[in-house]
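The lines below spell out each chain.
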Amino acid sequence: MVEVQINKTVLELIQGDITEQGTDAIVNAANAALQLGGGVAGAIRRKGGPKIQEECNKIGGTFVGGAVITTGGNLKARYVIHAVGPRWGEGNEDEKLRNATLNSLKVADQNGLKSISFPAISTGIFGFPVKRASEIMLKTTIEYLKGKTGLQKVAFVLFDTDTLKVFKDTLEKMKI
Ligand code: AR6
């Protein structure tokens, strides 16, 4: 586990399953249609129950780079923030991943949440390179936390040791 402080917020890197996190919200690596498929979304669907997909269907969808909120169903987290990352190769991927991260943080603040957990958005089924994703997601989050926010904790929950190591190395290079 790695922890750094950015103003009033703790930024944490941990290895684990995002669906087990007790933060106010967990972020889903979603698609623009808000249809919960495999990877993180599949785990959320299985553990959270059908209510989350039903709420997504009511919302209908969002743009790539966007983020919407539903309740957390049967999950420990009270909310799921569905962030739509880019598919690698579709164009403008860096900006879209930055927006997906930034919009998730904004949605958390708009809903008065104190803590949020992120997966490595787009780096599974969507094929975004992990190192590049770690640089974009961490830089965007750190910049955001230097501004006005009520968030007390932002966790990056990485599924395997390799991904955790990449995020750790990126954070170290940022010399916080
Ligand atoms: N906890 C934490 N990280 C996880 C978990 C978990 N339970 N499961 C997978 N990961 P992905 P994407 C990691 O594929 O690339 C779905 O079909 C995984 O190792 O979940 O944005 C959606 O419905 C990888 O590093 O998301 C979309 O259509 C990261 O989480 C599409 O896949 C993201 O992998 C989204 O693809």
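Here is what the cut-offs are and how they apply
- Residues numbered from 1 in each chain as written.
- Predicted model: local features only at pLDDT ≥ 70, side-chain atom pairs only at ≥ 80, totals over all residues.
- Heavy atoms only, no water.
- Salt bridge = Lys/Arg side-chain N within 4 Å of Asp/Glu carboxyl O.
- Helix = DSSP H or I, 4+ residues; strand = E, 2+ residues; numbered from the N terminus.
- Buried < 20%, exposed > 50% of the residue type's maximum accessible area, 1.4 Å probe, protein only.
- Core = buried A, V, L, I, M, F, W, Y, C linked by side-chain atoms within 4.5 Å.
- Contact = heavy atoms within 4.5 Å.
- Pairing = 2+ DSSP bridges.
- Right-handed = clockwise from strand over helix to strand, strands pointing away.

Caption draft 1: Structural context of the pattern of salt bridges. Applying the stated criterion across every chain, the model contains 12 salt bridges. The closest approach of N and O atoms between Glu135 and Lys131, which form a salt bridge, is 3.0 Å. On the criterion of helical spacing, the pair formed by Glu135 and Lys131 is a turn pair, its members being four residues apart in helix α4 (residues 130–145). Accessibility expressed as a relative area gives 33% for Glu135, which makes it partly exposed.

Caption draft 2: Representation of the nonpolar core within the structure. Counting residues in hydrophobic clusters, the biggest one holds 35 residues, and the most contacted among them are Leu11, Ile81, Ile116, Phe118, Val154 and Phe156. The element contributing the most residues to this core is α4, with seven residues. Sequence-distant contacts of Phe156, defined by excluding residues within four places in its chain, comprise Leu11, Glu12, Leu13, Ile14, Phe118, Met137, Leu138, Thr141 and Phe167. In this structure, Ile14, Ile18, Ala41 and Val157 belong to the second largest nonpolar core, which totals 12 residues.

Caption draft 3: Summary view of the pairing of strand β6 (residues 115–118). With burial as the criterion, each face of β6 is covered, one bearing Ser115 and Ser117 and the other bearing Ile116 and Phe118. Relative to β6, strand β3 (residues 25–30) runs parallel, the two sharing two bridges. Of the residues in β6, the one forming a bridge with Ile26 is Ser117. Direction of pairing for β6 relative to strand β7 (residues 153–158): parallel, over a ladder of four bridges. Pairing of Ile116 across the sheet is with Val154, part of β7. Each parallel crossover has a hand, and the one from β6 via α4 to β7 is right-handed.

Caption draft 4: Summary view of the environment of Lys96. Considering the arrangement of structural elements, one finds Lys96 in helix α3 (residues 93–110). Considering only alpha carbons, one finds Lys96 and Lys8, 88 residues apart in sequence, at a separation of 27 Å. Not counting chain neighbours up to four residues away, the residues in contact with Lys96 comprise Val64, Gly65, Pro86, Glu90 and Gly91.

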